[in-house]
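Chain residues, written in single-letter form:
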Amino acid sequence: MHKGFFTVTAVMATAGAVVLTGCSSGSSGGGGGGLSSPAGSSSCTGGGGLGGGGATSGGASNQSYKIGFQGALSGDNQQLGINEINAVKLAVQQFNAKGGQPFKLSVETSDDAGDAAKAPAAAQQLIQDSAVVGVVGPIFSGPTSATGKAYAAANMALISPSATNEDLTKSGFTTFHRIVPTDGVEGAAAADWLASKFKKVFVVDDTTVYGKGVADVVAAGLKKKGVTVLRQGVPQNTQDYGAIAQKVTSSGAGAMFYGGYDAQAALFAKALTAAGYKGLRMTGNGGKSEVFTKGSGSAGNGWYFSCGCQDATTAPEAKAFKAAYQQAYHTPPSTYSPEGYDATNAMIQAIETAAKSGSVTRQAVEAAVNKLDYKGITTTVKFAPSGEVAQATVNLYEQKNGKIVELGDIKKQK
Amino acid sequence: MTQFLNYLVLGLTRGSLYALIALGYTLVYGVLQLINFAHSEVFMSGAFGSYLVISAVVGNGKGTSSWEVPFVMLLGVVTGAVTAGAIAWSLERVAYRPLRRRNAPKLAFLISAIGASFFLSQLFGKMFNRFTNNQFPPFFNDNSVAFTIAGAQVRVIQVVDILAALVMMVLLDRLVNKTKLGRSIRAVSEDAPTAALMGIDIDRTISRTFVIGGLLGGAAGFLFGLNFSFFNTMGFLPGVKAFAAAVLGGIGNIRGAMIGGLLLGIVENIIPTLPWVGTEWTDVVAFIVLVLVLMFRPTGILGERLGRAA
């Protein structure tokens with residue numbers, strides 16, 4: 001009888017592990033509509049296409065090349081992938097629409113579902129296609145660490161618009177570049193800001209690689225400045241945040257930093273409000289999205305976010321981009337769309353440079369990416385030898401009346 | 001003290017929901033000696049079913065006046081229960097009855113249960129979405145405080161959860177002990193072939209047992225969704241915990257499931273928040289308690305009870 005129970009429990013645990021791996025990889029993506037299936041254009045109508053090459057006139061040759069895109073285009077985290085692929089396609093369309101180009105470009109998408117286990121196959125698809133000369137992505141850190149070696153071996157230049165894990169540029173992925181600051185840079189900036197205001201801060205993380213990583217950096221930064229830090233972890237699959245919210249409230253901490261993703265942060269926000277917490281609440285880039293805004297309702301108002309990203313709906317540099325995006329997709333650009341646009345335009349410039357210097361090979365493109373100095377709408381794309389973007393701004397955001405608004409460079413905030 | 005009371009209230013709330021779900025496991029175990037692993041998805045379906053009705057009735061929830069709130073909640077409990085009852089009924093029809101007809105081994109039931117569980121959670125993911133924080137329309141202020149004991153605030157929603165669970169458990173207890181259906185459930189649990197000889201329709205009794213478990217689970221699904229959030233895989237963790245609660249109280253024992261659920265909820269809220277433990281250990285603590293109890297009382301707190309008046 002009892003043996004029976006334990007067998008049953010074991011089977012359950014195994015089944016559970018399968019379920020968990022399926023559902024617990026967090027999203028830092030933008031929102032989708034209420035309860036309806038996440039909407040988004042998934043049609044793959046890349047600009048130009050290979051066939052277009054023949055129709056061009058006046059070019060040195062009727063060459064055409066492909067820019068690869070590896071990211072989550074299906075599954076739980078597809079919203080972020082959709083935000084980015086739309087921007088990638090827009091940039092390529094705009095390039096092809098300009099007359100007199102020496103070559104045509106098209107986009108080759110490869111879906112990794114945001115899953116590190118599916119990423120190697122997705123990467124192979126792009127590597128095998130000899131027309132692909134550079135890749136925008138991978139968009140998540142997990143898939144990046146699973147494929148960085150293969151891309152490096154193929155000399156394929158990578159420009160990621162959104163993979164923020166600290167270790168990616170320290171793992172020998174020689175062709176990897178990113179245009180966003182790492183979680184470490186972001187966390188340190190957040191810690192500096194919090195330390196200038198509070199003497200006691202409660203740091204909570206969701207025990208994932210991203211969440212714990214950023215929370216560790218924040219906690220270390222605060223301690224260095226002499227701030228008392230209280231630390232707790234709450235597993236990402238938690239549904240009831242009542243206990244931790246109660247603990248934060250009764251600790252008397254002036255501020256609370258949560259390292260984790262949007263959906264969970266929203267639940268935590270509601271629980272904190274219910275527990276009557278009055279202090280400042282803050283989270284990192286993983287929490288900044290419509291998923292948070294929608295899920296937390298009024299409890300999310302007054303939350304602060306640090307993000308090495310640019311809000312395309314307000315930044316003046318992104319005005320033209322915003323209009324073109326809206327026109328093409330009938331929805332405003334969302335989290336990481338502008339970064340996707342910049343990464344693609346930087347890649348296009350690198351291909352142009354390679355074309356001018358002779359032949360467009362993967363090697364030539366990779367060399368050109370390393371020497372890039374491109375002024376984009378979110379940042380100046382110029383890479384340090386490690387692949388990190390040379391100049392990174394961490395911005396502070398706040399949710400006001402159900403909307404996340406950009407307050408500007410966190411270093412300049414009081 | 002205030003702190004302790006705060007955590008106790010949180011624990012009672014979560015525990016009463018665990019208890020409602022645990023009853024579904026224990027009832028079915030009673031009649032079939034089978035752990036219905038798809039019960040966690042029955043629970044989930046209750047949340048989605050009640051969402052459809054509630055959002056149709058209250059819209060975005062802004063225009064709901066305070067006197068309507070209790071009725072909306074009642075509607076939620078009822079529609080959640082009915083949806084889940086229907087799902088549980090079909091589950092028994094599709095996943096278990098054909099196997100029973102063919103005298104399939106116990107393991108086949110287990111696989112069938114796991115398959116049904118995956119099917120249902122993916123089906124709801126496909127039909128609705130896969131986000132993990134769907135919310136009911138805010139038709140009431142979920143921060144409003146009902147009363148305060150010794151400085152500890154008790155919110156209205158917590159009172160609703162605990163009361164609803166208590167009422168349903170008392171009703172179930174009456175049903176099982178006093179009615180004809182209850183008697184046939186007990187008879188089938190004790191000795192199914194003999195019960196059949198005495199004129200009890202076994203298939204019908206089993207089917208109704210599933211429905212009763214589904215009704216309770218669905219109501220819990222609504223309350224859970226209202227309290228926290230609901231999504232297609234929401235059933236897994238509460239399902240495992242409720243299963244543990246059922247074992248803790250003594251599987252097959254109805255009062256045991258209630259006590260097990262409450263105990264697990266309280267332990268989960270009080271022990272991890274002690275200064276030297278930490279909330280990342282919440283799930284570990286729950287199962288350590290389970291193991292400790294089973295070490296000293298292998299049949300659970302109240303003991304396994306199959307058939308004997310629960």
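**Q** What am I meant to see in the overall build of chain A here?
**A** Within chain A, the secondary structure is distributed over 12 helices and 14 strands. Across the 414 residues in chain A, those meeting the buried criterion constitute 59%. In chain A, 70% of the contacts between residues at least 6 apart in sequence involve partners at least 24 apart. About 15400 Å² of surface is accessible on chain A, with carbon and sulfur atoms providing 54% of the total.

**Q** Could you clarify how one ought to interpret the confidence of the model for chain A in this entry?
**A** Should the pLDDT be low somewhere, the predicted coordinates at that spot are not to be read in detail. Across chain A, pLDDT averages 83, with 85% of residues at or above 70. In this model, residues 1-60 of chain A is a region of pLDDT below 50 whose contacts with residues beyond four sequence positions or in other chains number 118 contacts.

**Q** What should I look at first to understand the side chain of Asn-36 of chain B in this one?
**A** Along the polypeptide, Asn-36 of chain B turns up in the loop between helix 1 (2-32) and helix 2 (39-58). Leaving out residues up to four positions away in the same chain, Asn-36 of chain B has contacts with Tyr-25, Val-28, Leu-91, Tyr-96 and Phe-210 of chain B.

**Q** I tried to follow a nonpolar patch on the surface on my own but got confused; where do I start?
**A** All names here are of chain B. Taken together, Trp-281, Val-284, Ile-288, Val-291, Leu-292, Met-295 and Phe-296 make up a surface patch of nonpolar side chains, about 730 Å² in accessible area. Assignment of secondary structure puts Met-295 in helix 11 (residues 282-296). Taking the relative accessible area as the measure of exposure, Met-295 reaches 55% and is therefore exposed.

**Q** Explanation requested: the state of the cysteines in the structure shown.
**A** Joining two cysteines, a disulfide is a covalent bond between their sulfur atoms. Residues and elements named next belong to chain A. Tallied over the full model, the rule gives one disulfide over all chains. Each sulfur of the disulfide joining Cys-307 and Cys-309 lies 2.0 Å from the other. Taking the sign of the torsion about the S-S bond as the criterion, the disulfide between Cys-307 and Cys-309, at about 125°, is right-handed. For the pair shown, Cys-307 and Cys-309 are each scored as buried.

**Q** What is the right way to read the sheet that holds strand 3 (residues 132-136) of chain A from this model?
**A** Picture the strands of a sheet paired through backbone hydrogen bonds; they go either parallel or antiparallel. Residues and elements named next belong to chain A. The strand order across the open sheet formed by five strands is 2-1-3-4-5, and the pairing between neighbours is parallel. Edge positions in the open sheet fall to strand 2 (103-111) and strand 5 (176-178), since each of these has one partner strand only. Each adjacent strand pair in this sheet contributes to an overall mean axis angle of 25°, direction not counted. Where strand 4 (residues 157-160) and strand 5 come together, three bridges link them in parallel fashion. Each bridged residue has a counterpart across the sheet, and for Ile-159 the counterpart in strand 5 is His-177. The sheet contacts of helix 11 (residues 337-356) involve strand 1 (63-71), strand 2, strand 3 and strand 4, and relative to strand 3 the element is tilted by about 155°. Across the sheet, helix 12 (residues 362-370) lies against strand 3, strand 4 and strand 5, angled at about 45° from strand 4, the strand it touches most.

**Q** How should empty space enclosed by the protein be read in this particular structure?
**A** Where empty space is left can be seen by rolling a probe of water-molecule size over the atoms. Counted according to the given criterion, the structure contains five cavities of 30 Å³ or more. Taken as a whole, the second largest cavity holds about 230 Å³ of empty space. In terms of lining residues, the second largest cavity is bounded by 21 residues, among which Thr-238, Gln-239 and Asp-240 of chain A together with Arg-14 and Thr-282 of chain B are the most central. Those elements that place two or more of their residues in the lining of the second largest cavity are helix 7 (242-251) of chain A together with helix 1, helix 9 (236-249), helix 10 (254-270) and helix 11 of chain B.

**Q** Help me understand the pattern of salt bridges in this model?
**A** For the structure shown, the criterion picks out 21 salt bridges over all chains. A salt bridge links Lys-66 of chain A to Glu-108 of chain A, with the nearest nitrogen and oxygen atoms 3.2 Å apart. A residue pair is termed long-range when its members are at least 10 positions apart, and Lys-66 of chain A in strand 1 and Glu-108 of chain A in strand 2 qualify at 42 residues. The two residues Lys-66 of chain A and Glu-108 of chain A agree in class, both being buried. Of the charged contacts in the structure, one is a salt bridge between Arg-14 of chain B and Asp-240 of chain A, with a shortest N-O distance of 2.7 Å. Here Asp-240 of chain A lies in the loop between strand 7 (228-233) and helix 7 and Arg-14 of chain B lies in helix 1, a pairing that spans two chains. Through salt bridges that share partners, Asp-240 of chain A together with Arg-14, Lys-241, Glu-268 and Asp-283 of chain B make up one connected network.

**Q** What should I look at first to understand the domain arrangement of chain A in this one?
**A** Often the size quoted for an interface is simply the accessible area lost on bringing the parts together. All names here are of chain A. Domains assigned within chain A are domain 1 (50-180 + 316-381) and domain 2 (184-307 + 395-412). The C-alpha-based centres of domain 1 and domain 2 are spaced at 32 Å. Each partner contributes residues to the interface: domain 1 has six residues there, and domain 2 has seven residues. Both faces considered, domain 1 and domain 2 share a buried interface measuring about 430 Å² in area, 34% of it formed by carbon and sulfur atoms. If you sort the residues of domain 1 by the area they bury against domain 2, Glu-166, Thr-335 and Tyr-336 come out on top, with a joint share of 61%. One can count zero salt bridges joining domain 1 with domain 2.

**Q** In this structure, what is going on with the side chain of Asn-395 of chain A? I would like to understand it.
**A** Residues and elements named next belong to chain A. Relative to the helices and strands, Asn-395 is located in strand 13 (residues 395-400). Its relative accessible area of 6% is what places Asn-395 among the buried residues. A distance of 3.3 Å separates a polar side-chain atom of Asn-395 from the backbone nitrogen of Asp-409. When near neighbours in sequence (up to four residues on either side) are disregarded, Asn-395 contacts Phe-305, Ser-306, Cys-307, Cys-309, Gln-310, Glu-406, Gly-408, Asp-409 and Ile-410.

**Q** Explain helix 8 (residues 202-227) of chain B to me, please; I cannot follow it from the model alone.
**A** Owing to its 3.6 residues per turn, the α-helix brings residues three or four apart onto one side. Residues and elements named next belong to chain B. Here helix 8 contains 26 residues, and its C-alpha end-to-end distance of 37 Å stays within 8% of the 38 Å for a straight helix at 1.5 Å per residue. Within helix 8, 20 of the 26 residues are buried, which leaves the element mostly enclosed by the surrounding structure. N-capping of helix 8 is provided by Asp-201, with a side-chain oxygen placed 3.2 Å from the backbone N of Asp-203.

**Q** Would you take a moment to explain the packing of aromatic side chains for this structure?
**A** When we look at a pair of aromatic rings, we describe it by the centre distance and by the angle of the planes. Residue and element names in this part refer to chain B. Here the structure, examined in full by the defined rule, presents 26 aromatic pairs over all chains. Note on Phe-124 and Phe-128: the rings are 6.0 Å apart at their centroids and 20° apart in plane angle, and the pair reads as stacked. Comparing Phe-124 with Phe-128, the two get one shared label, buried.

**Q** What's the story with the packing of helix 5 (residues 156-178) of chain B against helix 6 (residues 180-190) of chain B in this structure? I'm lost.
**A** Residue and element names in this part refer to chain B. Between helix 5 and helix 6, the least distance of the axes is 5 Å, while the angle of their chain directions is 75°. One element, helix 5, and the other, helix 6, form an angle in the roughly perpendicular class. Along the contact surface, helix 5 presents Leu-175, Val-176, Asn-177 and Lys-178, while helix 6 presents Lys-180, Leu-181, Gly-182, Arg-183 and Arg-186. Its residues assigned to classes, the contact of helix 5 with helix 6 shows three nonpolar, two polar and four charged.

**Q** Would you mind showing me how to read the confidence of the model for chain B here?
**A** Confidence in the prediction of chain B, expressed as mean pLDDT, is 90, and 98% of residues score 70 or more. Within chain B, the element-level pLDDT minimum falls on strand 1 (residues 145-149) of chain B, averaging 85, and the maximum on helix 2 of chain B, averaging 95.

**Q** Explain the sheet that holds strand 8 (residues 255-259) of chain A to me, please; I cannot follow it from the model alone.
**A** Residue and element names in this part refer to chain A. With respect to topology, seven strands assemble into an open sheet ordered 7-6-8-9-10-13-14, the strand pairing being mixed. Edge positions in the sheet fall to strand 7 and strand 14 (403-409), since each of these pairs with one other strand and no more. For this sheet, the mean inter-axis angle between neighbouring strands, taken without regard to orientation, is 25°. Two elements, strand 6 (residues 200-205) and strand 7, share six bridges in a ladder whose sense is parallel. Paired with Val-203 across the two strands is Arg-231, which belongs to strand 7. Running at roughly 170° to strand 6, helix 7 makes contact with strand 6, strand 7 and strand 8 of the sheet.

**Q** Is there a simple way to think about the nonpolar core in this case?
**A** Soluble globular proteins tend to bury their nonpolar side chains together. Among the nonpolar cores identified, the biggest contains 87 residues, and Tyr-96 and Phe-139 of chain B are the most heavily contacted of them. If one sorts the elements of this core by residue count, helix 1 of chain B sits on top with 13 residues. When neighbours within four sequence positions are excluded, Phe-139 of chain B is seen to be in contact with Ile-54, Val-58, Gly-61, Thr-64, Val-69, Val-72, Met-73 and Leu-226 of chain B. Within the second largest apolar cluster, 64 residues are counted, among which are Val-88, Tyr-241, Ala-245 and Ala-299 of chain A.

About the cut-offs
- Residues numbered from 1 in each chain as written.
- Chains lettered and ligands numbered in written order.
- Predicted model: local features only at pLDDT ≥ 70, side-chain atom pairs only at ≥ 80, totals over all residues.
- Heavy atoms only, no water.
- Helix = DSSP H or I, 4+ residues; strand = E, 2+ residues; numbered from the N terminus.
- Buried < 20%, exposed > 50% of the residue type's maximum accessible area, 1.4 Å probe, protein only.
- Contact = heavy atoms within 4.5 Å.
- Areas by Shrake-Rupley, 256 points an atom, 1.4 Å probe, with all protein chains shown as cover.
- pLDDT = per-residue confidence, 0-100.
- Patch = residues over 30% accessible without salt bridge, like charges linked within 9 Å, V, L, I, M, F, W, Y side chains within 5 Å.
- Salt bridge = Lys/Arg side-chain N within 4 Å of Asp/Glu carboxyl O.
- Disulfide = S-S within 2.5 Å.
- Pairing = 2+ DSSP bridges.
- Axes fitted to C-alpha atoms, helices over the stretch in contact; angles between N-to-C directions.
- 1 Å grid on protein atoms, 1.4 Å probe; cavity = no way out; pocket = protein on both sides within 12 Å on 5 of 7 lines; lining within 4 Å.
- Points joined across faces, edges and corners; volume = space filled by probe spheres on them.
- Domains from an automatic or database assignment.
- Buried area = accessible area lost by both parts, 1.4 Å probe.
- Polar contact = N/O pair within 3.5 Å; in protein donor to acceptor, adjacent residues only side chain to side chain.
- Expected span 1.5 Å × (residues − 1).
- Phe/Tyr/Trp six-rings, centres within 6.5 Å; stacked < 30°, edge-to-face > 60°.
- Parallel < 35°, antiparallel > 145°, perpendicular 65-115°, else oblique.
- Nonpolar A, V, L, I, M, F, W, Y, C, P; charged D, E, K, R; others polar.
- Core = buried A, V, L, I, M, F, W, Y, C linked by side-chain atoms within 4.5 Å.

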